[in-house]
Amino acid sequence: MSIAPHRNSISKRSSSIIGGHNRFGNHPNDRTVELGHGQNEMRTTISRLEYLNNKFNIDPSFDIEVSGEKKDKKLVLNTKIDIQQKETAFAEYSCKILDSLELLKPLFKYIRSLEMNLDSLSNEMEALKARLTNLNEEIKKNAKVDQALTPVLMDILISPQTVQIICNATIDENWVNQLTVLSEKKEILQAYKDSDKVNQDNITHLSQIIENLEKKCVERIKKFLIDHIKAFRGIDSSSVKIQKKLLSVKEIMVFLKNRNPKLAKEFENAYIYTIRWYYYFNFVKYISSLENLTLQENEFDTDSAFRHTTRPLPSSSTSTFRSLLLDNSDSINEYLINLPRRLEQLEDESNKYSILAQIAESANSNLKFFMEQIFQFLNQTILDNFTIEFNFIMGFFDITDNEELSSTMKQMFSPIFKLGTNFTKYLLQYCKSDYFGILHTIRRIQKMEYEIQMRCLPELFQTYLNSQLMVLWPAFQNNIDILCDNITATLMSTSVIKQIMNNKANLLIPLKATQSFSMVLSNMVKLVQNLVFELETSEPLNGSIERLSSTYEKGMIQLASNLDPNKRKLFLYVNFQLMYNVLDSDSSIKEKKPDLTDHYKRLVEAYS
């Protein structure tokens, strides 16, 4: 059955489907369809056709022709629609939609629930907002409170770490730092006692805690000092190491003086007496070691023949200097040859050392030392230890008063000074006629006087050095007296007179006595120095040189009187010429004693 639809009604409804693109392709019957406004109207048209088909029960397959005119253009739509197929497709779509709706039911339920709870959530958000505002206000208030209380808390707070260190840690630099913290807290609490900003009960409680901690500190410092002071009496104990440890925590003594002055003074006295014993014990051992050293004795001195016998020492001997001036033994030559070397050792600024006791004890007996060297060993050691102890007393015990310092150092070193003076007397016994050794020792003392001024030591050590000079200068003067007597006795001796009066004697050769005396006098002039900041003429050495020169000149003139006038002038010229050449050859002699050089120059001119 074929029914032709009403073309005008369909054409009117479909007249708007023009001007589009062909979406259906080519039909087998080669019919074309003109497209209108779009897909939506096409779907509407198909739905209507399906409705008519169902209503009139017509053949599912039918032809539709749609035509319309617009702007003189005609579009023709010819298509064959399978209604049954479309119905099945739409039924499937409907099932899918229903399934999708089933899947979306939880979402719809959640959305409805969300809509129902939206008001309550909104109310809760408003409550949270109000609460947040209140919290912000409280934070600002607390910030202001913290800003006001933080300085106070930091001032009065004592950390548990500080308490732990004070009570249990080893006393070292970190422990000392906690003492500083404790002192600062105490001062701050004292300032808060009259303040209304803090509770006074809390201040009282904290003050009591600090007081207890200070008592604990005093107790630990007491034990620490006892242990270290006892360590000085240990076997092979080193005072330098112990003092270094004490100086690293020297603030503990300041703390102890402020908290318990009586206990601090007791520890100071305990240290003084302990270190006094320590130095005395060790210096006795050291001096005993120095006594084992071999002295470079004057073997030409007649006194040496009596040193190891029961016979008394001679008070004066003409043969003493006679040997020095006339003999040609190796010992005399060695003594005179060593004079320049001894002078070099004296002028060497780096020659400020001491010898260890162990080295002194094991020194080879063939190794000999001069008197001034052994004196230097002991007194340089005393000076160095005195300096170390002086700096330690000032640094650790915080003693600044000069009188108190001198008194403290005197307590510790008075026995050592007595040992040093007695040891100098011991050296003089074995080097009694070594006048150059005595003079070199005096010069070393004068260098030490300059050194103690550079080290800013108290006058106590200067007093000790002066006591040494009081022993050495008289001994030197006594040697000069003996030397002058021996010069006169030697030049007036029969052997010398016979020697020059012998017809075979060569008067052009200076006397052996003149050769030796020129070396003695020139080396003695080199020792004229001004190390004590006094006038050179105020020193006994200058007068001694004048005495020796005058004694020699008078002796030579008196000796020459035994010759006839022709030989006398030649004899004096030759000997005085040698003296002048020796003195004039050294620039240092001309600088220190120009008058002496000029004097012998005038003598040479007088007898030329």
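About the criteria used
- Residues numbered from 1 in each chain as written.
- Predicted model: local features only at pLDDT ≥ 70, side-chain atom pairs only at ≥ 80, totals over all residues.
- Heavy atoms only, no water.
- UniProt positions renumbered as here; feature names shortened; annotations may be inferred.
- Helix = DSSP H or I, 4+ residues; strand = E, 2+ residues; numbered from the N terminus.
- Buried < 20%, exposed > 50% of the residue type's maximum accessible area, 1.4 Å probe, protein only.
- Contact = heavy atoms within 4.5 Å.
- Areas by Shrake-Rupley, 256 points an atom, 1.4 Å probe, with all protein chains shown as cover.
- Core = buried A, V, L, I, M, F, W, Y, C linked by side-chain atoms within 4.5 Å.
- Axes fitted to C-alpha atoms, helices over the stretch in contact; angles between N-to-C directions.
- Parallel < 35°, antiparallel > 145°, perpendicular 65-115°, else oblique.
- Left-handed = near helix turned anticlockwise from the far one by under 90°.
- Nonpolar A, V, L, I, M, F, W, Y, C, P; charged D, E, K, R; others polar.

Per an unreviewed UniProt entry, the chain goes by the name Vacuolar protein sorting-associated protein 52 and belongs to Pichia kudriavzevii. We quote the UniProt Subcellular location (unreviewed entry) comment for the chain here in full: "Golgi apparatus, trans-Golgi network".

(A) View of the overall build of the chain. Secondary structure summary: the chain contains 22 helices and 4 strands in total. Out of the 608 residues in the chain, the part that is buried amounts to 40%. Long-range pairs, those at least 24 residues apart, make up 75% of the contacts in the chain between residues at least 6 apart in sequence. Surface accessibility of the chain: about 35300 Å² in total, with carbon and sulfur atoms responsible for 53%.

(B) Here's a closer look at the nonpolar core. Within the largest apolar cluster, 130 residues are counted, with the highest numbers of intra-cluster contacts made by Leu225, Ile252, Met524, Phe571 and Tyr600. If one sorts the elements of this core by residue count, helix H16 (residues 459-491) sits on top with 15 residues.

(C) Fine view of the environment of Ile229. Looking at where Ile229 falls in the secondary structure, it is placed in helix H6 (residues 200-231). A sequence separation of 13 residues divides Ile229 from Ile242, and the C-alpha atoms of the two residues are 8.5 Å apart. What Ile229 contacts, discounting residues up to four positions off in sequence, is Phe267, Ala270, Tyr271 and Thr274.

(D) Molecular detail of the packing of helix H7 (residues 239-248) against helix H13 (residues 371-396). At a minimum axis separation of 10 Å, H7 and H13 run at an interaxial angle of 25°. One element, H7, and the other, H13, form an angle in the roughly parallel class. Crossing hand, H7 versus H13: left-handed. Facing H7, whose interface residues are Gln243, Leu246 and Leu247, H13 presents Ile388, Glu389, Phe392, Gly395 and Phe396. Classifying every residue of the contact of H7 with H13 gives 5 nonpolar, 2 polar and 1 charged.

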